[in-house]
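Residue-level structure breakdown
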Amino acid sequence: MPAYEVTWTQAAIATAVVDVELEELARWAIAVGVVRSGPEPEAADAVALHRSLERNPHLRDAVLRLYATRRP
C-alpha cells in the first residue's frame, strides 16, 4: 500500500484564565529566567518588571502566556 505525506498549517486559538498578582508574576518570570535585563543577561529588577507589566499590555500578555503554559 502506498504511503502519502501531507503537510498543512493549522491555526489554533487558546484561552486561559490566569489568577495571579502581577507582583507574583514578575517574581516568577525572573526566577525561571524568562525575563532578563541589561547588556549582559542578568536577572531583572522585580519592582521595575512589576511596573512594566502594569503599563505594557503586550509584555503582560506575553509573560502571562508563558506562565499559563509552563506551570502545571
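So, here's what we can say about the structure.

1. Structural notes on the packing of helix 2 (residues 46–55) against helix 3 (residues 57–70)
Packed helix pairs are specified by the crossing angle of their axes together with the interaxial distance, meaning the distance between the axes. Look at helix 2 against helix 3: their axes get within 5 Å of each other, and the N-to-C directions meet at 110 degrees. Between helix 2 and helix 3, the crossing angle belongs to the class labelled roughly perpendicular. In contact with L49, S52, L53, E54 and R55 of helix 2, helix 3 contributes P57, L59, R60 and V63.

2. Some words on the packing of helix 1 (residues 22–31) against helix 2
Where helix 1 meets helix 2, the axes come as close as 9 Å, and the angle between the chain directions of the two elements is 120 degrees. Comparing their axes, helix 2 and helix 1 come out oblique. Relative to helix 2, helix 1 is oriented so that their crossing is right-handed. Between helix 1, through L22, E23, L25, A26, A29 and I30, and helix 2, the contact on the second element is made entirely by A46, L49, H50, L53 and E54. A per-class count over the contact of helix 1 with helix 2 returns eight nonpolar, one polar and two charged.

3. What to know about helix 3
The end-to-end C-alpha separation of helix 3 is 20 Å, in line with the 20 Å expected for 14 residues at 1.5 Å each. Capping the start of helix 3 is the job of one residue whose side-chain oxygen sits 3.0 Å from the backbone nitrogen of H58: N56.

4. Digging into the pattern of salt bridges
Counted under the stated rule, the structure contains one salt bridge. One salt bridge connects E23 with R27, and the closest N-O pair in it is separated by 3.0 Å. Of this pair, E23 and R27 are both found in helix 1, four residues apart, which corresponds to roughly one turn of the helix. For R27, a relative accessible area of 46% corresponds to the partly exposed category.

Cut-offs used in this document
Residues numbered from 1 in each chain as written. Predicted model: local features only at pLDDT ≥ 70, side-chain atom pairs only at ≥ 80, totals over all residues. Heavy atoms only, no water. Axes fitted to C-alpha atoms, helices over the stretch in contact; angles between N-to-C directions. Helix = DSSP H or I, 4+ residues; strand = E, 2+ residues; numbered from the N terminus. Parallel < 35°, antiparallel > 145°, perpendicular 65-115°, else oblique. Contact = heavy atoms within 4.5 Å. Left-handed = near helix turned anticlockwise from the far one by under 90°. Nonpolar A, V, L, I, M, F, W, Y, C, P; charged D, E, K, R; others polar. Expected span 1.5 Å × (residues − 1). Polar contact = N/O pair within 3.5 Å; in protein donor to acceptor, adjacent residues only side chain to side chain. Salt bridge = Lys/Arg side-chain N within 4 Å of Asp/Glu carboxyl O. Buried < 20%, exposed > 50% of the residue type's maximum accessible area, 1.4 Å probe, protein only.

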